[in-house]
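# Observations on chain architecture
Single-letter residue listing:
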Amino acid sequence: MKVLFINQEITPYVEESPMSIMGKELPQAMQEQGFEIRTFMPKWGTINERRGQLHEVIRLSGMNLIIDDTDHPLIIKVASIPVSRLQVYFIDNDDYFQKRKMAEDESGEEYADNGERAIFFARGVLETVKKLRWTPDIIHCQGWMSGVVPLYVKTAYHDEPCFANTKVITSLFEDQLKNDLGQNFKRCLEFRDVKQELLSAYSNDFNFLELGKLAIDYSDGIVEAGAKVNAELMGYAASKSKPILSYPGTDDISSKYKEFYEQILPTV
């Protein structure tokens, strides 16, 4: 089984949190199970490239992604986590990630363009996977930064050979954004088959809950990745009759997630 992990956070590149620990341990556990793994995360400005031994992959970099009528160059970097040797690809861009923290700036204010950053990250990952000519059986999204990936996989990229039969799983964590993603978020989302009418079911005030509902609607399975995940989102997932992996804890994650993957993709 080939699994693409699209993570918001991975330790040791960012501080330890439930999300960053899972971002490292779950791909490692699946790799040890014999699965073929690819792992992506944003190249947050707080990441020390020299300490982390990141280097640019020239053959994958250089593409421009147009968001809200503006060109944004895509830069791809790569590193390996010591000991586990888990390879991580980083999505970078001068406007969205260089010299900038994660969701909030130094004063604790959320970035006004967090929505655009999530869109750039999602499209950057999917375009890079195409360049790698790699066909994932499952895409596993962890964190709000990957929240628009399910939409794009099932619509804008559904005719791409490498994603035509891919299943998408979204892990919902306890972390939440406080502010909405901007009045222009829907417009910025437009790409190929993603048109305004496709987004009409969602509020124009696209907040964390709307982003979660969007991810749930276009996912094939949902993971409750914490003991206190937003109850409204979990209820929404249940109402859509999505397969749900209830909070599996942190012990023996390899067998629990392997079983869930096989439930989502029973032919493997």
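In this report, we go over the structure that sits alongside the text. This is a predicted model, so every value here is computed, not measured.

### Quick word on the overall build of the protein
When you go through the protein residue by residue, the secondary structure sums to eight helices and 11 strands. Taken over the C-alpha trace, the protein has a radius of gyration of 17 Å; the compact-globule value for 268 residues is 18 Å, and the two agree within 12%. By principal-axis analysis of the C-alpha atoms, the protein measures approximately 45 × 45 × 40 Å. Every one of the 268 residues in the protein was classed for burial, and the buried ones make up 57%. Pairs at least 24 apart in sequence give 68% of the contacts found in the protein among residues at least 6 apart.

### What about the environment of N93?
Along the chain, N93 falls in the loop between β7 (87–92) and α3 (114–132). Taking the C-alpha atoms as reference points, N93 and G124, separated by 31 residues in sequence, lie 9.9 Å from one another. Residues contacting N93, with those up to four places away along its chain left out, are H72, P73, Q98 and F120.

### Here's the deal with the pattern of salt bridges
Under the criterion given, the structure shown has 16 salt bridges. Between R100 and D113 there is a salt bridge, with the nearest N and O atoms lying 2.7 Å from each other. Highlighted residues: R100 in the loop between β7 and α3 and D113 in the loop between β7 and α3, separated in sequence by 13 residues. Across the pair, D113 and R100 agree in class, each one buried. Between E160 and R192 there is a salt bridge; the shortest N-O distance is 3.1 Å. Linking E160 in the loop between α4 (149–154) and β9 (167–172) with R192 in the loop between α5 (185–189) and α6 (208–217), this pair joins segments that are 32 residues apart in sequence. What makes R192 partly exposed here is its relative accessible area of 34%. Members of the salt-bridge network, linked through shared partners, are K43, E49, K77 and D92.

### A few points about the packing of aromatic side chains
Per the counting criterion, the structure on display carries 12 aromatic pairs. Centroid distance W44 to F97: 5.6 Å. Interplanar angle 80 degrees. Geometry classified as edge-to-face. One end of the pair, W44, is in the loop between β2 (36–42) and α2 (49–52); the other, F97, is in the loop between β7 and α3, and 53 residues separate them in sequence. Residue classification places W44 among the buried positions, given a relative accessible area of 0%. Exposure remark for F97: the relative accessible area of 0% places this residue in the buried category. Ring geometry for Y157 versus F191: centroids 5.9 Å apart, planes at 40 degrees, classification tilted. You can see Y157 sitting in the loop between α4 and β9 and its partner F191 sitting in the loop between α5 and α6, a full 34 residues away along the chain. When sorted by exposure, Y157 lands in the same class as F191, which is buried. One aromatic cluster is present, built from ring pairs that chain together W44, Y96, F97 and F120.

### Considering the nonpolar core
Core analysis: the largest hydrophobic core is formed by 95 residues, its most contacted members being Y13, Y152, L189, L214 and Y261. Among residues more than four places away in sequence, those in contact with Y13 are M41, I47, G52, L54, A79, S80, I81, V88 and F90.

Criteria and thresholds
Residue numbering note: each chain is counted from 1, following its sequence as written. In view of the model being predicted, local features appear only for residues whose pLDDT reaches at least 70, and side-chain atom pairs are presented and counted only at 80 or more, with totals across whole chains, interfaces and linings using the full set of residues. Calculated side-chain values reflect all of the structure's heavy atoms, with hydrogen atoms and water omitted. Runs of E in the DSSP output that reach at least two residues are strands. Runs of H or I that reach at least four are helices, and both are numbered from the N terminus. Radius of gyration: over C-alpha atoms. The globule rule applied is 2.2 Å multiplied by the number of residues raised to the 0.38 power. Relative accessibility thresholds used throughout: buried, under 20% of the residue-type maximum; exposed, over 50%; partly exposed, between the two (1.4 Å probe, protein chains only). We call two residues contacting when some pair of their heavy atoms lies within 4.5 Å. Salt bridges, as used here, are contacts in which a Lys or Arg side-chain nitrogen is within 4 Å of a carboxyl oxygen on Asp or Glu. Stacked, tilted and edge-to-face are the three classes assigned to paired rings of Phe, Tyr and Trp, where Trp is represented by its six-membered ring and a pair needs centres within 6.5 Å; plane angles under 30 degrees give stacked, over 60 edge-to-face, the rest tilted. To define a nonpolar core, start from buried Ala, Val, Leu, Ile, Met, Phe, Trp, Tyr and Cys residues and group those joined through side-chain atoms within 4.5 Å.

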